[in-house]
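Okay, here's what each chain looks like letter by letter:
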Amino acid sequence: MLNYIWAFMILGGISYGLANGKAQALSDVIIESAGEAVSLSITMLGVMAMWCGIMEVARQAGLMDKMTKFLSPVVHFLFPDIDRNHVVNEYITANMVANMLGLGWAATPMGLKAIKEMAEIERARIKKTHKDISKIKMRASNEMCTFLVINISSLQLIPVNIIAYRSQYGSVNPVGIVVPGLIVTGISTLVAVVFCKTASHFRKKEAKNDLKK
């Protein structure tokens, strides 16, 4: 769907420019923007490589294990039905830490691994109650939905990504976004947690009623 939206916006903009006799200006903007996009990509590549490297060093140095234990109460509160010793907790923690630093692209690999493990957990649950899992329509588990919503709300302590963008475009105070960002993402995360807990409660209640039937 997003592909169609972007295509519509691009074609609409080009058509409007041509219809108003702005072909030269349109061409100049396209060339300028293309060069700017390459420059920005190189800048962000450097930032991403640095922070991904730092996170890998932290993992090999055992810091991620310590952070997993430190955030264990939070993770267990959000995902109470997952075993505390399951490997998925490490992936969830790494994803949360990356998001707190505003490194969405660095958080993605750990996020995908976490979702994959959660899917395996859900399959194992279904196998306990159904002999033939092939006849069961798989759907996202409570944990998967909660993880996705928490990622979208994304509490950010230091939005490195946005700071880099602001610096690239000549902001006088690139880090001025930190406090407002912390307040906004703090509120959004709080709302996300309340929503997920409420939705999970009703979903579990519905599942119990289905079993009784």
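This one's a predicted model, so the numbers in the text were calculated from it and none came from an experiment.

*Asks:* Describe the nonpolar core, and please don't skip the residues or the numbers.
*Replies:* Ranked by size, the top nonpolar core spans 31 residues in total, and within it F79, V88, I92, M96, L103, A114 and M118 carry the most contacts. Mapped onto this core, the elements with two or more residues apiece are α2 (23–60), α4 (72–78), α5 (88–100), α6 (104–129), α7 (142–153), α8 (160–168) and α9 (178–212). Those residues in contact with M96, other than ones at most four positions away along the chain, are V75, L78, F79 and I150.

*Asks:* A description of the state of the cysteines should follow, citing residues and the corresponding values.
*Replies:* Scanning the model with the defined rule gives 0 disulfides in all. Left unpaired, C145 is separated from the closest cysteine sulfur, that of C196, by 8.1 Å. Since its relative accessible area comes to 8%, C196 is described here as buried.

*Asks:* Break down the pattern of salt bridges for me, with residues and values.
*Replies:* Considering all chains together, one arrives at 3 salt bridges under this definition. With a closest N to O distance of 3.3 Å, R125 and E122 form a salt bridge. Here the residue R125 and the residue E122 both occupy positions in helix α6, the gap between them amounting to 3 residues, near one helical turn. The exposure class of R125 is partly exposed, given its relative accessible area of 28%. Salt bridges linked by common partners bring E122, R125 and E143 together as one network.

Parameters at a glance
- Residues numbered from 1 in each chain as written.
- Predicted model: local features only at pLDDT ≥ 70, side-chain atom pairs only at ≥ 80, totals over all residues.
- Heavy atoms only, no water.
- Core = buried A, V, L, I, M, F, W, Y, C linked by side-chain atoms within 4.5 Å.
- Buried < 20%, exposed > 50% of the residue type's maximum accessible area, 1.4 Å probe, protein only.
- Helix = DSSP H or I, 4+ residues; strand = E, 2+ residues; numbered from the N terminus.
- Contact = heavy atoms within 4.5 Å.
- Disulfide = S-S within 2.5 Å.
- Salt bridge = Lys/Arg side-chain N within 4 Å of Asp/Glu carboxyl O.

Worth remembering: the numbers are spatial, not functional.
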